Amino acid sequence: MEQAHSQLERSLKRKHIVFLGLAYMSPFAVFDTFGIVSEATQGHVPVSYLLITAAILFTAFSYGKMVKVYPAAGSAYTYTRQTMHSGLGFLVGWASLLDYLFLPMINALLAHIYLSSGFPNVPGWIWVVGLIVFITMMNILGVKIAVSANILMVLFQLLVAVIFVLLTVRAVVSGETGEFSFTPFYSDSLSVSAVFSGASILALSFLGFDAVTTLSEEAVEPKKSVPAGILLIAIIGGVFFTTVTYAMQSLIPDVSRLENISGASPEIALLIGGNLFQSVFLSGALVSVVASGLAAQTSASRLLYAMGRDRVIPQRWFGSIHPRLKTPIFNIVFLGVLALSALFLDLTTATSFINFGAFTAFSFVNLSVIVHYFRKERTNSLLSVWSSIGSPLIGLAFNVYLWYSLDFKAMMLGLIWVGIGFAYLLYLTRFFRQQPPQFQFEETAGG
């Protein structure tokens, strides 16, 4: 590993980091959960996006602080391990595994929602199983999406999203339905607990914004470009998501009048652009689901391989590579089987389950900044106290409350997962008589 890192070329500037971060956050993520969050917040999705954007911005600032301290690292696990305790870091890493292991499940569930709206007579399970089998076979065969192809797919999604917004604005301005007002941001029916609950679901839209921390060793000026890039990614993403959902909420203030709340976005596409645009929209959604599913399964299978190779998990199964195909087949199939849980979960529970790991990681990044200040920094300037205590404390409070607002079923599943991790940690450390093995989250950056 040391040799591999020393050969990385410092070629990434701030603009490259920002684009790569936005590519991690699929532009189509804004459409995935609009229906269920609009129902949960009684028509205040933009407010929920403002809340989750605020939480992400404070957390992004904390990531930037940690990148300056540990420029070769890149995960909440690493920061927690370095500033607090190796065992606690292990549990943070274990909780973060939820994002890696179950993100392919989310993509399968979205394929079901999107395609069922376009082809209502086809049984939904066919789309779930079909997508999982497709991406699993693609990954087993070692097919990789070139960077140029990935950029094209991201641009295509962005183009469809922009057309969607323009058609939505046209429909509102022409008086066909809805109106532009301040209501999506505030009304008498606004419930603080409801919009926080909605924000806890919408964190799915920002998954991956922190992934660029793994590019520190390839950035030209990592202590400047990476922190600035992280903040820009969060700001651009927040503005984009809030703008799109404001237009959608203005058009459809009450999603209960739609036939399929989970599939609200394809139904709105039909309303504003007819069958032709709905077909284009579904094409963009399918591209998004396939690209994200491939990347998620590829990344997670390599993470499991790294963990198996380092004996964090059983090496015999997870640490092996097929001699001819040169892919970790067991890991890929294992992830495909996990993704079949999409057959039994609804989108609210599924997204909350994944966000359990995200909010845990975000909380400990903020906490790491505070602990590092008291242990090593201890400068008393007003700016230092704000950046090392005030800002991360606000970010921590946001994330803890959002974590508390998660779906109850997902919360229980997440706590059970952490409980399993703690039992496994006791086994690995012989009841803390030895150091826990290390995760290698940064190894997934290159897919």
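Residues numbered from 1 in each chain as written. Predicted model: local features only at pLDDT ≥ 70, side-chain atom pairs only at ≥ 80, totals over all residues. Heavy atoms only, no water.

Asker: Is there a simple way to think about the overall build of the chain in this case?
Answerer: Regarding its fold elements, the chain presents 17 helices and zero strands. Against the globule reference of 22 Å for 447 residues, the chain gives a C-alpha radius of gyration of 21 Å, in line with a compact fold. Viewed in the frame of its principal axes, the chain has a C-alpha envelope of about 65 × 60 × 45 Å. Every one of the 447 residues in the chain was classed for burial, and the buried ones make up 55%. Sequence-distant contacts, at least 24 apart, represent 81% of the contacts inside the chain between residues at least 6 apart. Element-wise, carbon and sulfur atoms account for 66% of the exposed surface of the chain, whose accessible area totals about 19300 Å². Charged side chains of the chain number 24 positive and 21 negative; the gap between the two group centres comes to 15 Å. (Helix = DSSP H or I, 4+ residues; strand = E, 2+ residues; numbered from the N terminus. Rg over C-alpha atoms; globule rule 2.2 N^0.38 Å. Buried < 20%, exposed > 50% of the residue type's maximum accessible area, 1.4 Å probe, protein only. Contact = heavy atoms within 4.5 Å. Areas by Shrake-Rupley, 256 points an atom, 1.4 Å probe, with all protein chains shown as cover. Lys, Arg positive; Asp, Glu negative; His and termini not counted. Charge placed at Lys NZ, Arg CZ, Asp CG, Glu CD.)

Asker: What's the story with the confidence of the model for the chain in this structure? I'm lost.
Answerer: Interpretation of the predicted coordinates at a detailed level should be avoided for regions scoring low in pLDDT. On average, the chain scores 85 in pLDDT, and the residues at 70 or more come to 91%. Of all the helices and strands in the chain, helix α1 (residues 2–6) carries the lowest mean pLDDT, 40, while helix α4 (residues 34–41) carries the highest, 94. (pLDDT = per-residue confidence, 0-100.)

Asker: Explain a nonpolar patch on the surface to me, please; I cannot follow it from the model alone.
Answerer: Nonpolar side chains collect at one region of the surface, where L152, L155, L158, V162 and L166 lie side by side and expose about 450 Å² of accessible area between them. With respect to the element layout, V162 can be found in helix α9 (residues 147–173). According to the relative accessible area criterion, V162 is partly exposed, its value standing at 41%. (Patch = residues over 30% accessible without salt bridge, like charges linked within 9 Å, V, L, I, M, F, W, Y side chains within 5 Å. Salt bridge = Lys/Arg side-chain N within 4 Å of Asp/Glu carboxyl O.)

Asker: I would appreciate a short explanation of the side chain of Q157 in the present structure.
Answerer: In this fold, Q157 is placed in helix α9. Among the residues examined, Q157 registers a relative accessible area of 3% and is labelled buried. A polar contact of 3.4 Å, which involves the side chain of Q157, links it to the side chain of S288. Among residues more than four places away in sequence, those in contact with Q157 are S26, P27, F28, G284, V287 and S288. (Polar contact = N/O pair within 3.5 Å; in protein donor to acceptor, adjacent residues only side chain to side chain.)

Asker: Looking at this structure, how should I read the nonpolar core?
Answerer: Nonpolar side chains in soluble globular proteins tend to end up buried together. F31, I52, Y114, F164, F209, I268 and F281 are the most contacted members of the largest nonpolar core, which totals 120 residues. Ranked by the residues each element gives to this core, the list is headed by helix α7 (residues 86–118), at 16 residues. Every residue in contact with I52, bar those within four places of it in the chain, is listed here: A199, L202, A203, F206, F359 and L402. (Core = buried A, V, L, I, M, F, W, Y, C linked by side-chain atoms within 4.5 Å.)

Asker: Is there a simple way to think about the packing of aromatic side chains in this case?
Answerer: Remark: the centre distance and the inter-plane angle together describe each pair of aromatic rings, the angle taken between the planes. Under the definition given, this model contains 32 aromatic pairs. Seen in terms of ring centroids, W94 and Y424 are 5.7 Å apart; in terms of plane orientation they differ by 45 degrees. Their pairing is tilted. In this pair, W94 sits in helix α7 while Y424 sits in helix α17 (residues 408–428), placing the two residues 330 residues apart along the sequence. For W94, a relative accessible area of 8% corresponds to the buried category. (Phe/Tyr/Trp six-rings, centres within 6.5 Å; stacked < 30°, edge-to-face > 60°.)

Asker: Just to check I follow, could you spell out the packing of α7 against helix α15 (residues 347–377) for this structure?
Answerer: How two helices pack is summed up by the angle between their axes together with the distance between the axes. In the contact formed by α7 and α15, the axes pass within 8 Å of each other and the chain directions differ by 150 degrees. Taken together, the axes of α7 and α15 lie roughly antiparallel to each other. Pair α7 / α15 crosses with left-handed handedness. (Axes fitted to C-alpha atoms, helices over the stretch in contact; angles between N-to-C directions. Parallel < 35°, antiparallel > 145°, perpendicular 65-115°, else oblique. Left-handed = near helix turned anticlockwise from the far one by under 90°.)

Asker: Just checking my understanding: could you explain the side chain of S62 for this structure?
Answerer: As for its position among the elements, S62 is in helix α5 (residues 45–69). Judged by its relative accessible area of 1%, S62 falls in the buried class. Setting aside chain neighbours within four positions, we find S62 in contact with V365, N366, V369 and P392.

Asker: What exactly am I supposed to notice about helix α10 (residues 192–202) here?
Answerer: For the α-helix, the turn length of 3.6 residues means that residues three or four positions removed from each other point alike. Most of α10 is tucked away, with eight of its eleven residues classed as buried. Inspection of α10 places A194, V195, F196, G198, A199, S200, I201 and L202 among the buried residues, and these make up the whole buried set. Considering only its buried residues, α10 is in contact with α4, α5, α15 and α16 (382–404).

Asker: I tried to follow the packing of helix α12 (residues 264–309) against helix α14 (residues 329–339) on my own but got confused; where do I start?
Answerer: Contact geometry of α12 with α14 gives a least axis separation of 9 Å together with a crossing angle of 125 degrees. The pairing of α12 with α14 is recorded here as oblique in orientation. Remark: the crossing between α12 and α14 carries right-handed chirality. When α12 is examined against α14, the residues Q297, A300, S301, R302, L304 and Y305 are found in contact with a partner set consisting of N331, I332, F334, L335 and G336. Split by residue class, the contact of α12 with α14 holds six nonpolar, four polar and one charged. (Nonpolar A, V, L, I, M, F, W, Y, C, P; charged D, E, K, R; others polar.)

Asker: Any chance you could explain the environment of L426 here in plain terms?
Answerer: Structurally, L426 can be placed in helix α17. Residue classification places L426 among the buried residues on the basis of a relative accessible area of 18%. Spatially, the C-alpha atom of L426 lies 59 Å from that of V172, the residues being 254 residues apart in sequence. Once residues within four sequence positions are removed from consideration, L426 is found in contact with F431 and F432.

Asker: Explanation requested: unusual backbone geometry in the structure shown.
Answerer: Glycine aside, the phi torsion of most residues is negative, and most peptide linkages are trans. The backbone of Q42 sits at a positive phi, close to 55 degrees, despite the residue not being glycine. Turning to its location among the elements, Q42 is positioned in the loop between α4 and α5. With a phi close to 65 degrees, F432 is a non-glycine residue in the positive phi region. Position of F432 among the secondary structure elements: in the segment after α17. Given a relative accessible area of 44%, F432 falls into the partly exposed group.

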